[in-house]
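# Remarks on the overall topology
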Amino acid sequence: MSKKIKLGVLISGRGSNLQSIIDASKAGNIDAEVVVVISDKKDAQGLESARVNNIDTIFINPKEYKKREEYDRKVVEELKKYKVALVLLAGFMRIVTSALIEPFRDRIMNIHPALLPSFPGINAQRQAIEYGVKFSGCTVHFVEEGMDEGPIIIQAVVPVSDNDTAESLSKRILKYEHKIYPMAVQFFAEGRLKVEGRRVAVSGDGAYHLGEGILINPYLNRR
Ligand code: GRF
């Protein structure tokens, strides 16, 4: 296996995506390891998952910084101490500024529980239900300035059923979040991602399964 790249993960809450990355790393499914977890919430549940896995955790209190940029500069300082190669936003509930994006351009990813550019922002799953879409899903993208903005790396499509609630849809989507985030990290670790304007080219074997990519929902199974 090639050398592991160092990941810094930013969280605000539950940390199930963080956990999926830790699990993938421990299982040897990704050539990457989480070296530091940073939170803007002191009691974020994900900090506990990091600690039980002997990963360093840092709480950076937003109240101690007047401007978003100052906060982000502190985050960058910590990430650099740990020689982080790739930053993962995983349920980090703050808008990040150029102070964080610029030093890590094309090296910060975010995961969002919808098929961007549909339903950015909070409660994406509820937005999808209320709009009445037949498919939603999840997206991993490189982070640019703006809410849930930036070149898309990978998406998973998840069907919505008539009796779905925001909760049931969230649960179905989350399962795929936990699959595609580690995949995106591995693409990065293998040097397979190339950002070309808005598009991210993914090179190499196994990157594409276009033949299986057609999805119909609802599906009428008769001629
Ligand atoms: C996930 O649904 C993620 O897509 C969104 O925030 C949620 C975080 O969940 N950005 P968790 O903390 O990873 O469990």
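Residues numbered from 1 in each chain as written. Predicted model: local features only at pLDDT ≥ 70, side-chain atom pairs only at ≥ 80, totals over all residues. Heavy atoms only, no water.

## What to know about the pairing of strand β8 (residues 193–196)
We apply this condition: When DSSP finds two or more bridges between a pair of strands, those strands are recorded as paired. We count a stretch as a helix when DSSP gives it H or I for four or more residues in a row; a strand needs E for two or more, and each element gets its number in order from the N terminus.
Looking at chain direction, β8 and strand β9 (residues 199–202) are connected through four bridges and run antiparallel. Bridging from a neighbouring strand, K194 pairs with A201 of β9. Counting the residues between successive antiparallel strands, the hairpin from β8 to β9 contains two residues, one of them, G197, with a positive phi of roughly 65 degrees.

## Re the site of the ligand
Keep this limit in mind: We call a residue near a molecule or strand when any one of its heavy atoms sits within 4 Å of it. A 3.5 Å cut-off defines polar contacts: any pair of N or O atoms within that distance qualifies, except that in protein one atom must be a possible hydrogen donor and the other a possible acceptor, and neighbouring residues in sequence count only when both atoms are side-chain atoms. Reported accessibility uses the Shrake-Rupley method at a 1.4 Å probe radius. Residues are deemed covered only where the shown protein chains occlude them.
Around the ligand lies a shell formed by R14, G15, S16, N17, G91, I111, H112, P113 and E177. One nitrogen or oxygen atom from the main chain of N17 is found 2.9 Å from an oxygen atom belonging to the ligand. Residue I111 places a main-chain N or O atom 3.0 Å away from a nitrogen atom belonging to the ligand. Contact with the protein chains hides 85% of the accessible area of the ligand, taken as 360 Å² for the molecule alone. For the shell around the ligand, the elements supplying multiple residues, two or more each, are α1 (16–26) and β5 (108–112).

## Some remarks on the packing of helix α5 (residues 124–131) against helix α6 (residues 166–189)
How we decide: Simply put, an axis is a line fit to the C-alpha atoms, just over the touching stretch for a helix, and the angle between two N-to-C directions goes from 0 to 180 degrees. When an angle is under 35 degrees it counts as roughly parallel; over 145 it counts as roughly antiparallel; between 65 and 115 it counts as roughly perpendicular; any other value is oblique. By definition, any crossing whose near helix is turned counterclockwise from its far helix by less than a right angle is left-handed, and any crossing with a clockwise turn is right-handed. In this description, contact between two residues means that some pair of their heavy atoms is separated by no more than 4.5 Å. As a working rule, the residues Ala, Val, Leu, Ile, Met, Phe, Trp, Tyr, Cys and Pro are called nonpolar, Asp, Glu, Lys and Arg charged, and the rest polar, with Gly in that last group.
Here α5 crosses α6 at 120 degrees, and the two axes come no closer than 9 Å. In terms of their interaxial angle, α5 and α6 are classed as oblique. Pair α5 / α6 crosses with right-handed handedness. Two secondary-structure elements touch here, α5 through Q125, R126, A128 and I129 and α6 through A166, E167, L169, S170 and I173. Of the residues contributing to the contact of α5 with α6, the split by class is five nonpolar, two polar and two charged.

## Here's the deal with the side chain of S49
With respect to the element layout, S49 can be found in helix α2 (residues 45–52). Aside from chain neighbours lying at most four places away, what touches S49 is Q19 and I22.

## Section: a nonpolar patch on the surface
We count it as follows: Any residue with relative accessible area above 30% and no salt bridge may belong to a patch, with like charges joined within 9 Å and the nonpolar Val, Leu, Ile, Met, Phe, Trp and Tyr side chains within 5 Å. Whenever Lys or Arg places a side-chain nitrogen within 4 Å of a carboxyl oxygen from Asp or Glu, that contact is recorded as a salt bridge. Residue exposure (1.4 Å probe, protein chains only): buried if accessible area is under 20% of the type maximum, exposed if over 50%, otherwise partly exposed.
On the surface, a nonpolar cluster with roughly 390 Å² of combined accessible area is contributed by I214, I216 and Y219. The residue I214 is located in the segment after β9 in this model. Here I214 falls in the exposed class, since its relative accessible area comes to 68%.

## So, the packing of aromatic side chains
Our working rule: Here is the rule: rings of Phe, Tyr and Trp (six-membered ring for Trp) pair when centre to centre is within 6.5 Å. Planes less than 30 degrees apart are stacked, more than 60 are edge-to-face, and the remainder are tilted.
Counted under the stated rule, the structure contains two aromatic pairs. Aromatic side chains Y65 and Y71 sit 5.6 Å apart centroid to centroid with 85 degrees between the ring planes, which places their arrangement in the edge-to-face category.

## A short note on the side chain of E177
The test is simple: Charge convention: Lys and Arg are scored as positive, Asp and Glu as negative, and His as well as the terminal groups of each chain are ignored.
Along the chain, E177 turns up in helix α6. Nearest to the buried, unbridged E177 among oppositely charged side chains is R14, at 6.1 Å. What E177 contacts, discounting residues up to four positions off in sequence, is N17, I111, P113, C138 and P182.

## Brief notes about unusual backbone geometry
Of note, the bond from L116 into P117 is cis; its omega dihedral lies within 30 degrees of zero at 10 degrees. Tracing the backbone shows P117 in the loop between β5 and α5. Looking along the chain, the bond that leaves N217 and enters P218 is cis, with omega of -5 degrees. Positionally, P218 belongs in the segment after β9. Positive phi values are uncommon outside glycine, yet D106 reaches one of about 60 degrees.

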